[in-house]
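Spelled out from the first residue to the last, the chains are:
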Amino acid sequence: MVMTNNETATQTAVQTLTPAPRVPRINFAKAAPKAFKAVIGLDAAAREGLDPALVELIQIRASLLNGCAYCLHMHTSDARKAGEDEARLHMVGVWREARNFFTDKEQAALDLTEAVTRVDRGGVPDDVYAHAAAHFDETELGHVLALIFTINTWNRIALSTAKIAGEDER
């Protein structure tokens, strides 16, 4: 059977969209319980004193940047349960083009989240840090940074251990 160029392209596209079978991965919480508990402790400490809506926005943005479907599903679900506006959730990925959905303080946090998450792009620019520092006192800024560190860690745990979106194990 001879395929046309369109049939070949369609078959290639379907193969590309079909996820490859995964090699079984460890359950990180069981394999390294002390490390897992330490990340939970950092996560809990980071959240202290921060607005829960801001916490979810930060976690959603980092999870989008890192391509972590497991964490993205978890944090958008948590945000909805906490009463977050659906329209804002849809705009997190394009917040720069949809600034009217977010306060200046939230924008500063989202910008800082991007800079810290993408630290390989030259670190955190002074203007991004200064913008965040203008909206958060030192303690709050420390907590925002710790939250960004934590969600990046959770993203890496979920991606490395092949967590499946929608299977929240909390």
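Below is a summary of the structure that appears in this document. Everything numeric in this text was worked out from a predicted model, so none of it was measured.

Remarks on the overall build of the protein
Now for step 1: Across its full length, the protein holds 9 helices and 0 strands.
Now for step 2: The order of α-helices and β-strands along the protein, N terminus first, is α-α-α-α-α-α-α-α-α.
Now for step 3: Residues classed as buried in the protein amount to 38% of the 170 residues present.
Now for step 4: Carbon and sulfur atoms form 58% of the exposed surface of the protein, whose accessible area is close to 10100 Å².

Some remarks on unusual backbone geometry
A negative phi angle is the norm for most residues apart from glycine, just as the trans form is the norm for most peptide bonds.
Now for step 1: Here the phi dihedral of Ala162 falls at roughly 55 degrees; this positive angle occurs in a residue that is not glycine.
Now for step 2: Mapped onto the elements, Ala162 comes out in the segment after α9 (138–160).
Now for step 3: Among the residues examined, Ala162 registers a relative accessible area of 17% and is labelled buried.

Regarding the nonpolar core
Now for step 1: Judged by nonpolar contacts, the single largest core of 18 residues is most densely connected at Ile58, Leu112, Phe136, Leu141, Val144, Leu147 and Ile148.
Now for step 2: Of all the secondary-structure elements, those providing two or more residues to this core are α4 (52–66), α7 (104–117), α8 (126–135) and α9.
Now for step 3: Not counting chain neighbours up to four residues away, the residues in contact with Ile148 comprise Ile58, Leu112, Thr113, Val116 and Thr117.
Now for step 4: With 11 residues, the next largest nonpolar core counts Phe28, Trp154, Ile157 and Ala158 among its residues.

Brief notes about the state of the cysteines
Now for step 1: Scanning the model with the defined rule gives 0 disulfides in all.
Now for step 2: Cys68 forms no disulfide, and the closest cysteine sulfur to it belongs to Cys71, at a distance of 3.4 Å.

What to know about the environment of Glu48
Now for step 1: In this structure, Glu48 sits in the loop between α3 (33–47) and α4.
Now for step 2: The exposure class assigned to Glu48 is exposed, which follows from its relative accessible area of 54%.
Now for step 3: In this structure the C-alpha to C-alpha distance between Glu48 and Thr139, which are 91 residues apart in sequence, comes to 9.9 Å.

Remarks on helix α5 (residues 69–81)
Now for step 1: Helix length check: α5 (13 residues) gives 18 Å between terminal C-alpha atoms against 18 Å at 1.5 Å per residue, within 8%.
Now for step 2: By the burial criterion, the buried members of α5 are Tyr70, Cys71, Met74, His75, Thr76, Ser77, Asp78 and Ala79.
Now for step 3: Considering only its buried residues, α5 is in contact with α3, α4, α6 (86–91) and α9.
Now for step 4: Just downstream of α5, Gly83 is the residue with a positive phi angle, here 95 degrees.

The rules behind the values
- Residues numbered from 1 in each chain as written.
- Predicted model: local features only at pLDDT ≥ 70, side-chain atom pairs only at ≥ 80, totals over all residues.
- Heavy atoms only, no water.
- Helix = DSSP H or I, 4+ residues; strand = E, 2+ residues; numbered from the N terminus.
- Buried < 20%, exposed > 50% of the residue type's maximum accessible area, 1.4 Å probe, protein only.
- Areas by Shrake-Rupley, 256 points an atom, 1.4 Å probe, with all protein chains shown as cover.
- Core = buried A, V, L, I, M, F, W, Y, C linked by side-chain atoms within 4.5 Å.
- Contact = heavy atoms within 4.5 Å.
- Disulfide = S-S within 2.5 Å.
- Expected span 1.5 Å × (residues − 1).

Function-wise, these values are silent; they only describe arrangement.
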